[in-house]
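Residue-level structural notes
The primary structure of each chain is shown beneath.
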Amino acid sequence: MGSSIMTKGAIDCDIHPSVPNIEALLPYFSDHWRDTISQRGVHDLQTIAYPKNAPLTARPDWRPKLGMPAADANTISTQALDTFQTSIAICNCLYGVQLLMSEDLAAAFASAVNDWMVAELLNKDPRLRASIVIPTQNSEMAVAEIERVASDPRFVSILMLVMDEKPLGRRSYWPIYAAAQRHNMPICVHAGSAYKHPVTSVGWPSYYAEDYASQAPAFHNMVSSFICEGVFSEYPDLKVVLAESGFSWLPAHLWRLTKFWRGLRAEIPWVDRTPTEIARDHIRLTLQPVDAPPTSEQLERLMDHMGSDEMIIFSTDYPHWQFDGVDVIPEGISRDLARKIMVDNPKNTYPRLQ
Amino acid sequence: MNIQVMERVTTGQKINLAIADCDIHPTPKSVPVEIYPYLSKRWQDYMETYGIIYRQGFPTGPAFPKGQPNAARRDAYPPGGGKPGSDLDFMRSQHLDPNNVQLGVLNPLSCGQGVQNQDFSAAYCNAVNHWQIAEWTSKESRLKASLMVPYEDPLASVKEIDLWGGDNNFAQILLLSRTAEPLGQRKYWPIFEAACRANLPVAVHAFGYGGAPVTGGGWPSFYIEEMVGHAENTQSLLTSMVFEGVFERFPTLKLILVEAGFAWLPALSWRLDKLWNRMRGEIPHVTRPPSELIRQHVWLTTQPMEEPEPREHLLDTIEWIGWEKLLFATDYPHWDFDEPSRALPIRIGKEQKEAFFLKNALELYNLN
């Protein structure tokens, strides 16, 4: 059940435009890569993270008769922005760039997706913003892509997947975080995998439902990684947005991580405050999906466990099917908190939106 | 490195609340002396020649160096020598007596499970089962053994379960959490079937070497990440068991999740319920909401107990899980031991306290 709180003027921090097909990207490749794509028959980079016809991938009323959902600016403007009367929506384009084995091919695809977003989305609706797609396979190339497009203020964050080749706190990724801090952008860590490893620590699961369920444990792992590696000691202005992560798991994870930090802090001496404090300063989570308890009273208790009203930022997760109608804010969230979630917290998370 | 060992002050007169400790780790004083008598010459020779090979690179130590040698309390080394957890008399005087342990469940680690050579794994597990009776449960009636099975070879595991079924030295069947495949997959079903036949709960203790990185995004740098990650790992294995329909196929199965914390369970249940609703078409064999299946079939040991600030938040969490689902454990003699008198510093009623510290375990293990 929704809370019936109006979302007018909210900032939607997680919507998903689809690349309609690989042909749509061809104008944004160099001749070499265009030839490669046609001569080698490079396929579309849709991934198993969102099987095309799976119920979660697109809400029934947002699913077109033909082709991909949310594949053009007009559809997105009408369905995602007008419906919720949001003021701004941030496009996190989930296209399998991070899965590619060749870092050169990944860099070419990342640039093509970013240029496609500028031409086909950002230039067509002034309410749209985007996260920069980067080739996480190679941090130097990733930074080059950030530098190439960062002068466009409509790019407001940098996109990574929660399951990459290495845990995201690892030092080899730090040049990306230095670039993010330099350009006043948070890192947006989105659900999904580069599928370089099984999605669970016990191997490959049988069902898609397990793949999606396993995103939450992966987010636990990456919160540990960012904090334990000392990313926020090195980049004190950096914020990390966990997108489509759920948030109800966070308090319990921080209790556990903080308990072990008390016993094992000699191993990670640069972590000089409790992980709970660090997370409250640096980690933000998008609202949807709400993996909510059965009652609104329990959700109120859970919000108390979060220990901060600044961590959750509004999202619809359009066009994924997380809720029906316009019931995006669940019962159990007060009007004051909803206001912070919808406007204040996003503005404080994305300096480029101020 | 300079390590200070804290003096533990035991309260002289006060009689402590009787407890169950559902996670105690015994270790052989010496493998040749205590285990070899139960291993054939062939496997003794094998062990001398090749050692124990797991799905990890170091034969003599863990992938991540522990926080303490042998992951043990500094004060748990027996005065007569040997590793922590290897001396029954010292365990009595340091732990069982002063903490008024009425029931102690033994969980031997690094004792034949997750070993690559399947025949060796089966032989070693069998030897450890004999050893637990000979050195521990036959000498101390407060202790119960865990039935060790070579779980990557389910048929050999069934053989071992059928061999000991009905022997009340054993309280449960033990598996490690880092299996080679998700634990709900049908490869492992014969183990669950045999467990139901033997009327023994299946306990899954955090740790092991399944081959996959401890996160879905690769290997972390630090021991703390691996330790914390046991909770995530356990969530994945529970998700697998729910969505594969294990609890519906084996309606009398009891699952105990050991040393992986518990506060994560409510949020996982809510997430699985939501996905079950959305994805019924993919998993039609799951006919009831995951939260219901979990509430009916799953118990959790308490150590390492989560420590929110304020502590009262934990009361909400325990209420959401169910007070009857938690089994107290200390993890003796490991470094992250939860001291019974300090582990739950929240005021709770006498009945709840007795259930939490003792009665839930007695009931689950049918020891009333």
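My aim in this report is to walk through the structure given alongside it, one point at a time. (Residues numbered from 1 in each chain as written. Chains lettered and ligands numbered in written order. Predicted model: local features only at pLDDT ≥ 70, side-chain atom pairs only at ≥ 80, totals over all residues. Heavy atoms only, no water.)

Section: the side chain of Ser139(A)
When you line up the elements, Ser139(A) lands in helix α5 (residues 139-149). The contacts of Ser139(A), once residues within four sequence positions are left out, are Ser172(A), Tyr173(A), Pro175(A) and Ile176(A). (Helix = DSSP H or I, 4+ residues; strand = E, 2+ residues; numbered from the N terminus. Contact = heavy atoms within 4.5 Å.)

A look at the pattern of salt bridges
Going through the model one piece at a time under the given rule, you end up with 36 salt bridges over all chains. The shortest N-O distance in the salt bridge between Asp291(A) and Arg271(B) comes to 2.8 Å. Pair noted here: Asp291(A) is in the loop between β7 (283-286) and α12 (296-306) and Arg271(B) is in helix α9 (residues 265-278), and the two residues belong to different chains. Measuring nitrogen to oxygen at the nearest pair gives 3.8 Å for the salt bridge that ties Lys340(A) to Glu310(A). Here Glu310(A) lies in the loop between α12 and β8 (312-313) and Lys340(A) lies in helix α13 (residues 335-349), a separation of 30 residues in the sequence. Here the salt bridges do not stand alone but share partners, grouping Asp89(B), Arg92(B), Asp97(B), Glu140(B) and Arg142(B) into one network. (Salt bridge = Lys/Arg side-chain N within 4 Å of Asp/Glu carboxyl O.)

Brief notes about the packing of helix α8 (residues 215-228) of chain A against helix α10 (residues 250-264) of chain A
Residue and element names in this part refer to chain A. Running from N to C, α8 and α10 cross one another at 40°; their axes reach a closest spacing of 11 Å. Accordingly, the angle class assigned to the pair α8 and α10 is oblique. Considering only the axes of α8 and α10, their crossing is right-handed. Contacts from His220, Val223, Ser224, Ile227 and Cys228 in α8 reach His253, Leu254 and Leu257 in α10. (Axes fitted to C-alpha atoms, helices over the stretch in contact; angles between N-to-C directions. Parallel < 35°, antiparallel > 145°, perpendicular 65-115°, else oblique. Left-handed = near helix turned anticlockwise from the far one by under 90°.)

Here's the deal with the interface of chain B and chain A
The interface of chain B with chain A comprises 66 residues on the first partner and 67 residues on the second. A combined buried area of about 5,600 Å² lies between chain B and chain A, and 60% of that area is made up of carbon and sulfur atoms. For chain B, the biggest contributors to the area lost against chain A are Trp270(B), Arg271(B) and Arg278(B); these three give 14% of the whole. Viewed at the interface, chain A and chain B are joined by five salt bridges. Put simply, Arg301(A) and Asp316(B) hold a salt bridge, and the shortest N to O gap is 2.7 Å. Inspection of the region where chain B meets chain A yields 29 residue pairs in polar contact (both at pLDDT 80 or more). For the side of chain B that touches chain A, the secondary-structure elements that each account for two or more residues are α7 (223-243), α9 and α11 (313-321) of chain B. Top element by residues in the side of chain B that touches chain A is α7(B). It accounts for 16 residues. Here the residues of the side of chain B that touches chain A are counted per class, giving 30 nonpolar, 20 polar and 16 charged. (Buried area = accessible area lost by both parts, 1.4 Å probe. Polar contact = N/O pair within 3.5 Å; in protein donor to acceptor, adjacent residues only side chain to side chain. Nonpolar A, V, L, I, M, F, W, Y, C, P; charged D, E, K, R; others polar.)

Keep in mind these numbers describe shape, not what the thing actually does.
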